[in-house]
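Structural overview for review
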Amino acid sequence: MTDPVEFIVKKLPYDLSSHGGLALVGRLFKRINLPAMIDPQYPVRSGIAYSDILKCYLALLTLGKNDFEAVEGFRSQRFAHQALGLRAVPSSATLRQRFDAFGCDWSELADRINRAILGLHIDGAPIDFGALSTGHLPLDIDTFVMDQSDTQKEGVSYTYAGVDGYCPIALYLGTRGYCLELDLRPGSQHSARESEYNIERALSTACAVAKAPLLLRADSGFCSQHLITQALRSAAALGRELDLLIKWNPRSAPVEQIAVQRCADVSSTWTQLRVGKRECLWSEALEPIDIQAGCSPALRRVYRLTERTLDKKGQPLLFPEYVLEGWSTTLGPEIEDEQVIALYRDHATHEQFHAEFKTDMDLNRLPSGKFATNHLVCALAAVAMNLLRIVGQHTLHESDSPMRKVALRRRIKTVMQELMYKAARIISHARGWALGISGSDSGFAVFERAFGKMKAA
């Protein structure tokens, strides 16, 4: 048995950074010319430029930190200044004060920054958001709970999950998890309430950054005639094709009566899934939706009736149990009923994106007691997620990337571990700067290649 080596702890005479991945984030800031988007609109006569404040906080979010005090670590790091192009680093008190003062105004600014990020071309190609087998880009919308128990923060209320907190609404584009919007809401607000405005903004961004047809997917909490109509009108105003796939809310539908009718109908086709369980699929046309003159998209609903005569332990039931589900869609008849259900089943992937916000980016507990400030934090978190998603999609899928199983995307946590928290030495030589990566680093090749790809044109 070998004893551990007795190391001598030594302070090195040169600069090291454990956040080498900030160099990639800084490159993306340069690509969209972030100061030009902010400073002319919010000029300062003296003090720290607002672009530097937003750069610092976005960088913190890409490292999985959302508390304002974490910015103090940047103040003594020369690398952070150089990688992000900072003229100065704000103190934690200044950062908090600016966010409190401009929470509402900067939320709209965050949307413009997000659109610029998603519209980037990396190595000459637009971002691959990930399309479905039908050729559509999914636009997934849903709410989730941020637990803020035992706090007195503004807007915190009782949520559907049984805890006190917030209930933000998120919209994701494509199958790779790019976030169009993360809009903070009070915990007691219903999913569908005012969601048409979120959809309108998200559609505008999606149409600006992608050309493929869109498929809006939502669960039964968004089953609303008003919401469906407004979504189609927003798409028509933008001149873009939008299909819908929304789970039906049966509310007070007579399930037993429908089951008796389907069982008595000799034309009904039942599929035996296992002993004691079978299902029946059918669809029906609904009334078309008038969104504007001469444009009324066809709407149909796919139903699935499941009959169980055995319980989960194999015991026979005295009476059959029936479960009725439905999905309302504008997809044409070329998309079969089974495919409609499969497309909706894929919608569940967005739950992983929610988890990345709450765990990987540590956003389950928001940093401020003011609702407007926390709203801005969420808006910037959507930008930070897209920054990390771009970095991960253009590095961790290469043949020489660090060993990982084959996947269409990498979790935000993986991107942070492999790229953002990369040890690097900062070297000044011959009037230039070098970022030294360890020779034993398995991710050096993809890091170097990505840094070159993200260079401003």
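In case you missed it, the structure is sitting above this.
Residues numbered from 1 in each chain as written. Predicted model: local features only at pLDDT ≥ 70, side-chain atom pairs only at ≥ 80, totals over all residues. Heavy atoms only, no water.

Further remarks concern the pattern of salt bridges. If you walk through the whole model with that rule in mind, you get 19 salt bridges. With a closest N to O distance of 3.2 Å, Asp39 and Arg87 form a salt bridge. Linking Asp39 in the loop between α2 (34-38) and α3 (50-62) with Arg87 in the loop between α5 (78-84) and α6 (92-118), this pair joins segments that are 48 residues apart in sequence. Given the relative accessible area of 17%, Asp39 is considered buried. On the basis of relative accessible area, Arg87 is assigned to the exposed category, the value being 56%. In the salt-bridge network here, residues are joined through shared partners; they are Asp39, Asp52 and Arg87. (Salt bridge = Lys/Arg side-chain N within 4 Å of Asp/Glu carboxyl O. Helix = DSSP H or I, 4+ residues; strand = E, 2+ residues; numbered from the N terminus. Buried < 20%, exposed > 50% of the residue type's maximum accessible area, 1.4 Å probe, protein only.)

So, on to the environment of Thr151. In this structure, Thr151 sits in the loop between β5 (146-147) and β6 (157-158). Under the relative-accessibility criterion, Thr151 is labelled partly exposed at 22%. For Thr151 and Ile289, which are 138 residues apart along the polypeptide, the C-alpha to C-alpha distance reads 45 Å. With near-sequence residues (within four places) excluded, Thr151 lies in contact with Val156 and Arg365. At 2.5 Å, the side chain of Thr151 and the backbone oxygen of Gln148 are in polar contact. (Contact = heavy atoms within 4.5 Å. Polar contact = N/O pair within 3.5 Å; in protein donor to acceptor, adjacent residues only side chain to side chain.)

Moving on to the packing of aromatic side chains. Counted by the stated rule, this structure contains 16 aromatic pairs. With a centroid separation of 6.0 Å and an interplanar angle of 90°, the aromatic rings of Phe99 and Trp106 are classed as edge-to-face. The burial state of Phe99 is the same as that of Trp106; both residues are buried. Grouping aromatic residues by their ring pairs yields a cluster made of Tyr42, Tyr50, Tyr57, Phe68, Phe99, Phe102 and Trp106. (Phe/Tyr/Trp six-rings, centres within 6.5 Å; stacked < 30°, edge-to-face > 60°.)

Within a beta sheet, neighbouring strands are joined by backbone hydrogen bonds and run either parallel or antiparallel to one another. Read from one edge of the open sheet, 3 strands run β1-β16-β17, paired in antiparallel fashion. In the strand order of this sheet, the two ends are held by β1 (15-17) and β17 (432-437), each with one partner. Going from strand to strand, the sheet's axes swing by 30° on average, the running direction of each strand aside. Pairing geometry for strand β16 (residues 424-429) and β17, over 6 bridges, is antiparallel. In the sheet register, His429 faces β17, and the bridge partner there is Gly432. (Pairing = 2+ DSSP bridges. Axes fitted to C-alpha atoms, helices over the stretch in contact; angles between N-to-C directions.)

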